[in-house]
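Coordinate inspection notes
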Amino acid sequence: MAEIVVDAQRRPATPSAGKVVIYPELPQTFLTTRDEAGFAHSISRRYNFSTTSQSPAASTAVYITGAQIDLTDTPPIKLGALFKWRLSMTKTAAGTATSTFAVVVGESGNSTDPAMLSFTKPAGTAAVDEAWVDIFVTLFNNNQTTNFSRGVFRMSHNLNSTGHATIPFVSVGQFNGNFNWRSLSPLFFGLTINSGVGDVLTFQMVQAEAILI
Amino acid sequence: MSDILLDTQTAPASPSVGQVLVYADSVTKLLSVKDEAGFIHTLGNLSNSSTAAVAQAPAAATRTYITGSNIAVPAGKLQIGTMFMWRVSLTKTAAGTAASTFGVAVGTAGTTADTDRLTFTKPAGTAAVDEGLVEIMVTCRGPLSASGVFVGEFRMTHNLASTGHMTIPGACVNTISAGFDVTVPDLIVGLTITTGASDAITIQVVQAEAVNL
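Residues numbered from 1 in each chain as written. Chains lettered and ligands numbered in written order. Predicted model: local features only at pLDDT ≥ 70, side-chain atom pairs only at ≥ 80, totals over all residues.

**Some thoughts on the overall build of chain A**
What counts here: Here a helix means four or more residues in a row that DSSP labels H or I, a strand means two or more in a row labelled E, and each is numbered from the N terminus. Comment: burial labels come from other C-beta atoms within 10 Å of the residue's own C-beta, placed from the backbone, where a count of 20 or more is buried, 12 or fewer is exposed, and between is partly exposed. Note that contacts rest on C-beta atoms placed from the backbone: two residues are in contact if these are within 7 Å.
Counting its secondary structure elements, chain A contains zero helices and 15 strands. Counting all 213 residues of chain A, 40% fall into the buried class. Looking at chain A alone, contacts between residues at least 24 apart form 69% of all its contacts between residues at least 6 apart.

Dropping the structure here:
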């Protein structure tokens, strides 16, 4: 046997004990398995990316292109679902104030979606700089109605005590004790940035990935 | 039926609307899915790593292909949004202070015969023993033509604040390639290093990963 042709479909019924069902799940046709406990496991990775540079307006919550992960039709998200975002970020000499990065989750897939986790990048100085930002988020739950999320923001940059921040490395951890993503459909996870007054930032690249979905 | 045995094969023709094809790629030996749009999604990790018992010590001032960094692009070829990620650990003796260059080599040889399409310069350091971690992320921006573009970001962190590998705690470098042919079959994407004069660098760990292939 050399290949298998499979019709894409909506989620099938939970199989009996000792079996799993393999199917391409609509609407995105990601190959998926469903186990006897009813959990659906996407075999394909979920990812997104930017293909052009972007310069968000200062002091405005801007949805970052390429950061969105569409999880419509994939709930229930499993314990330990992990999201990773990587961004390259240049800065001109303009702007010194703090910026806020937020993991937004909602049905709109734009900056109107509410923030599940917010991370504050510290104030910087009026100097040209370049940075690499990582944001890692894990979803977990206490029970079927309480939804926990925990994330960490990490930034490293070229300048020791100027530019993007007055410290060489930034790590910010955040926790949300009850953000209910379970009832949302469609369901988008994304990032916004609300940069500081006068900031001129450019994202040359954005990479987004979700695993264990 | 409790298991499925597949003959490996090259990429099949695209399936009809509403279907996906599941097959085992003859090059990567990995399970792959081809959708109605002709996109091929390799399931699982497309990865590589250094596994030799002896660490790599590239000759100083000589462009050297980093073993374990090469990723063979499957028959489906590069996609817009194909993403690569490398992590390289790097120790340094007290010898050598000059800048080094890391390159993202793309070609069909998987050796230094391939051309560096992205280059990142690690700043000059000092005559001190140090240890660093280099991370490089790359996205294929497309177009999928003879004038495709890669964008990449290099990040290095190290133990010493202002000596050793470099005189700043962390370095971030962004590079955008000139256009080149990203549609060549059997491409191999890997890393090269050209260390500074007299550098005695040892690479203990290399991890390479690609998604959206």
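**A short note on the domain arrangement of chain B**
All names here are of chain B. Quick note on the threshold: Marked domain ranges trace back to an automatic or database domain assignment. Residues were grouped as follows: Ala, Val, Leu, Ile, Met, Phe, Trp, Tyr, Cys and Pro as nonpolar; Asp, Glu, Lys and Arg as charged; and all remaining residues, including Gly, as polar.
Partitioning chain B into domains gives domain 1 (1-44) and domain 2 (46-211). Between the C-alpha centres of domain 1 and domain 2 there is a distance of 31 Å. Listed per partner, the contact involves 10 residues of domain 1 and six residues of domain 2. Within the side of domain 1 that touches domain 2, the residues separate by chemical class into five nonpolar, four polar and one charged.

**Regarding the pairing of strand β12 (residues 149-158) of chain B**
Residues and elements named next belong to chain B. Worth spelling out the cut-off: DSSP bridges decide pairing: two strands pair if at least two such bridges lie between them.
Burial of β12 is extensive: eight of the 10 residues sit out of reach of the surface. The pairing of β12 with strand β13 (residues 170-176) spans seven bridges and is antiparallel. Looking at β13, one finds that Met156 is bridged to Ala171.

**Examining the sheet that holds strand β8 (residues 81-91) of chain A**
Think of a sheet as strands paired side by side through backbone hydrogen bonds, with each pair either parallel or antiparallel. Residue and element names in this part refer to chain A. For the record, the criterion: As a rule, the C-alpha atoms of each element are fitted with a line to give its axis, helices using only the stretch in contact, and angles between N-to-C directions run from 0 to 180 degrees.
Across the sheet, which stays open at both edges, the six strands sit in the order β5-β15-β8-β11-β12-β13 with antiparallel pairing between neighbours. Strand pairing shows two members of the sheet lacking a second neighbour, β5 (46-49) and β13 (169-176), which therefore form its edges. Direction aside, neighbouring strands of the sheet carry axes that sit 10° apart on average. Pairing analysis gives 11 bridges linking strand β11 (residues 129-141) to strand β12 (residues 147-157), with the strands arranged antiparallel. By the bridge assignment for β12, Leu139 is matched with Ser149.

**With respect to the pairing of β8(A)**
All names here are of chain A. Judged by how many residues are buried, β8 sits mostly within the fold: nine of 11 residues are covered. Here 11 bridges tie β8 to β11, and the two strands are oriented antiparallel to one another. Note on β11: the bridge partner recorded for Met89 is Ala131.

**Concerning the sheet that holds strand β2 (residues 21-25) of chain A**
All names here are of chain A. Strand order in the open sheet formed by three strands is β2-β3-β4, and the pairing between neighbours is antiparallel. At either end of the open sheet lies a strand with only one pairing partner, and these are β2 and β4 (40-42). For this sheet the average axis-to-axis angle between neighbouring strands, irrespective of direction, equals 30°. Pairing of β2 with strand β3 (residues 30-34), which is carried by five bridges, proceeds in the antiparallel orientation. Across the sheet, the residue bridging to Tyr23 is Thr32, located in β3.

**Focus: the interface of chain B and chain A**
Many analyses report the size of an interface as the accessible area lost when the parts associate. Taken together, the 35 residues of chain B in the interface contact 33 residues of chain A. Listed by contribution, the elements that provide at least two residues to the side of chain B that touches chain A are β2 (19-25), β11 (130-142), β12 and β13 of chain B. Broken down by element, the side of chain B that touches chain A gets its largest block of residues, five residues, from β2(B). Class assignment for the residues of the side of chain B that touches chain A results in 19 nonpolar, 11 polar and five charged. With five bridges connecting them, strand β1 (residues 3-7) of chain A and β2(B) associate as antiparallel partners. Residue pairing across strands places Val6(A) opposite Val20(B), the latter belonging to β2(B).

**A closer look at the domain arrangement of chain A**
Residue and element names in this part refer to chain A. When its domains are assigned, chain A resolves into domain 1 (1-44) and domain 2 (45-211). On a C-alpha basis, the centroid separation for the pair domain 1 and domain 2 is 31 Å. Domain 1 puts six residues into the contact, and the matching count from domain 2 is five residues. Here the residues of the side of domain 1 that touches domain 2 are counted per class, giving three nonpolar, two polar and one charged.

**A short note on the confidence of the model for chain A**
To keep things clear, this is the line we draw: As a per-residue measure, pLDDT reflects the predictor's confidence and takes values from 0 up to 100.
Of all residues in chain A, 95% attain a pLDDT of 70 or more, and the chain-wide mean is 90. Of all the helices and strands in chain A, β4(A) carries the lowest mean pLDDT, 73, while strand β6 (residues 61-63) of chain A carries the highest, 98.

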